[in-house]
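What follows is each chain in one-letter form.
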Amino acid sequence: MNLQKNIKYFLLILVLFGIASPLQAGSDEDAITYRVRVMKGIGSNMGSIGDVLKGKVDHKQLIVHYAKAMNEASKTVTTIFKQDTRTSAKKTRSKPEIWTKWGEFEDAAKKLEDESAKMIAAAQSGDMAKIGAQMKALGDSCGDCHKPFREKKK
Ligand code: HEC
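Parameters at a glance
- Residues numbered from 1 in each chain as written.
- Predicted model: local features only at pLDDT ≥ 70, side-chain atom pairs only at ≥ 80, totals over all residues.
- Helix = DSSP H or I, 4+ residues; strand = E, 2+ residues; numbered from the N terminus.
- Buried ≥ 20, exposed ≤ 12 C-beta atoms within 10 Å, placed from the backbone.
- Contact = placed C-beta atoms within 7 Å.
- Near = placed C-beta within 6 Å.
- Expected span 1.5 Å × (residues − 1).
- Axes fitted to C-alpha atoms, helices over the stretch in contact; angles between N-to-C directions.
- Parallel < 35°, antiparallel > 145°, perpendicular 65-115°, else oblique.
- Left-handed = near helix turned anticlockwise from the far one by under 90°.
- Nonpolar A, V, L, I, M, F, W, Y, C, P; charged D, E, K, R; others polar.

1. Some points on the environment of Glu113
Thought 1: Of note, Glu113 is situated in helix H6 (residues 102-125).
Thought 2: Accessibility expressed as a C-beta count within 10 Å gives 19 for Glu113, which makes it partly exposed.
Thought 3: For Glu113, the residues in contact, after removing those within four places along its chain, are Asn71, Ser74 and Lys75.

2. Points about the site of the ligand
Thought 1: What surrounds the ligand is a group of 23 residues, the closest being Met39, Gly43, Arg93, Cys142 and Cys145.
Thought 2: The greatest single-element share of the shell around the ligand, amounting to 8 residues, is contributed by helix H2 (residues 28-53).

3. Section: the environment of Val77
Thought 1: With respect to the helices and strands, Val77 occurs in helix H4 (residues 77-81).
Thought 2: Separated by 49 residues in the primary sequence, Val77 and Asp28 have C-alpha atoms spaced 16 Å apart.
Thought 3: Not counting chain neighbours up to four residues away, the residues in contact with Val77 comprise Ala109 and Leu112.

4. Considerations on H6
Thought 1: With 24 residues, H6 extends 35 Å from end C-alpha to end C-alpha; this agrees with the ideal 34 Å at 1.5 Å per step.
Thought 2: Residues Phe105, Ala108, Ala109, Leu112, Glu115, Ser116, Met119, Ala122 and Ala123 constitute the buried set of H6.
Thought 3: Looking at the buried side of H6, the elements it contacts are helix H3 (63-74), H4, helix H5 (97-100) and helix H7 (128-149).
Thought 4: Two residues or fewer past H6, Gly126 is found with a positive phi of approximately 75°.

5. Some points on the packing of H6 against H7
Thought 1: It is the contact of H6 with H7, at a shortest axis distance of 9 Å, that shows an interaxial angle of 165°. Judged by the angle between their axes, H6 and H7 are roughly antiparallel. Seen along the crossing, H6 lies across H7 with a hand that is left-handed. Counted together, Phe105, Ala108, Lys111, Leu112, Glu115, Ser116, Lys118, Met119, Ala122, Ala123 and Ser125 of H6 and Lys130, Ile131, Gln134, Ala137, Leu138, Ser141, Asp144, Cys145 and Phe149 of H7 form the full contact between these two elements.
Thought 2: When grouped by side-chain class, the residues that make up the contact of H6 with H7 number 11 nonpolar, 4 polar and 5 charged.

Have a look at this one:
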């Protein structure tokens, strides 16, 4: 009998959490931590491709995987920056312009998606000259968003 009661409570808790958690917006602090981590992942994949291009490691056949990872992550950028954290006390390099010029921010994110897709194609071609040229275009797409939307490092 007691066990049955416990099971009922357990199920109730599951239901409550299952329903309650998606409705609650995460804190601004968590949103900032999350988006910086995703961005660092993009930066890390970029660094991995860079090391191959500089000849530090001999993994040319792996470039396509990092390009794909970046392309997938790029599709999440507008979602993870949507939460307006301008009033948060947490340190962030996100500029207010992200939310005052949201359309332009979306365009910059789309550019990253397009350029990383082109990097997948270049990597699949195996043509190192093509890959090198696309690396430059991909890097430019980072700068095109960072310049207007990311605070300079202090
Ligand atoms: C659509 C806009 C946008 C694009 C495109 C973009 N970033 Fe970012 N990135 C940001 C913003 C905004 C921040 C600051 C986040 C914060 O601090 O809240 C950031 C932060 C970062 C960080 C975290 C480190 C730090 O000190 O802020 C790294 C690393 C990074 N970006 C790398 C890249 C690379 C590499 C690319 C291109 C392959 C790229 N980003 C493309 C907007 C963008």
